Amino acid sequence: GYQLVGGLASASTDSVTAAAASQDCTYCPPAYFCVGGSASSVACPAGTFAPAGSNSSSACLPAVFVLVTFSLPVSKTLITGNVADDVVAALAAASGLAPSAVVIESTTSLRRARTLGPRRRAEAAGDNAGVPERGGDVAGDRRADSVSALSWTRVQAKLAAGDESGASAARDQLMGPAMNREMARAGLPAATD
């Protein structure tokens, strides 16, 4: 199913041409169904899930959900389009579920502090004068290392399994090294909790 995201934009006398030229439809997202020509998607009832493109409430089947929350050392603005698809594919491969059963529920920007030693602190400031080649402090500076903020994104995803044993197996797979192995295969950085 598809959902209508645009409306009539022109006042053409040929209503068929005007409607076709001014309407935009997108593929119905997972966990929703979209009745053809509908202006919006309809969420599946609690405890059910439908794959992307569903066009009827009958596509919302019982599901047991695995909720996954992790952080990636990338800006939130990067987790869109193909990168979001890569994250979904990595989670699906790691969990043993189909990509159509994985939904990124939300992304939140985070700032994580990173401690910089004397060399990195000077390099970040663009000043390499007086920076020792290995270890030690800059000009006898014994203060605590400075802190630099990095852009991180917290990702919350929901994976739909057909039953409790499928959810348990997916959860077990995600708890091991499989998730970061699949992230690496997709060219993504390692996830942390």
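The rules behind the values
- Residues numbered from 1 in each chain as written.
- Predicted model: local features only at pLDDT ≥ 70, side-chain atom pairs only at ≥ 80, totals over all residues.
- Heavy atoms only, no water.
- Disulfide = S-S within 2.5 Å.
- Buried < 20%, exposed > 50% of the residue type's maximum accessible area, 1.4 Å probe, protein only.
- Helix = DSSP H or I, 4+ residues; strand = E, 2+ residues; numbered from the N terminus.
- Polar contact = N/O pair within 3.5 Å; in protein donor to acceptor, adjacent residues only side chain to side chain.
- Expected span 1.5 Å × (residues − 1).

Trainee: If you had to explain the state of the cysteines to someone new, which residues and values would you point to?
Mentor: Inspection of the entire model under this criterion finds 2 disulfides. Here Cys28 connects covalently by a disulfide to Cys34, the sulfurs 2.1 Å from one another. The S-S bond linking Cys28 to Cys34 shows a torsion near 75 degrees; that makes this disulfide right-handed. Grouping residues by exposure puts Cys28 and Cys34 together as buried. Linked covalently through their sulfurs, Cys44 and Cys60 form a disulfide whose S-S length is 2.1 Å. Residues Cys44 and Cys60 are joined through a disulfide that is left-handed, its torsion about the S-S bond being -70 degrees.

Trainee: So what about the side chain of Ser54? Which residues, and what values?
Mentor: With respect to the helices, strands and loops of the structure, Ser54 is situated in the loop between strand 5 (48-49) and strand 6 (61-62). You can call Ser54 buried: its relative accessible area is 7%. For Ser54, the side chain forms a polar contact with the main-chain oxygen of Pro51, separated by 2.6 Å.

Trainee: I'd like a rundown of helix 2 (residues 81-95), residues and numbers included.
Mentor: For helix 2, built from 15 residues, the straight-helix expectation of 21 Å at 1.5 Å per residue is met to within 8% by its first-to-last C-alpha distance of 21 Å. Every buried residue of helix 2 is listed here: Ala84, Val87, Val88, Ala90, Leu91, Ala92, Ala94 and Ser95. Where helix 2 terminates, the next one or two residues include Gly96, which has phi positive at roughly 85 degrees.

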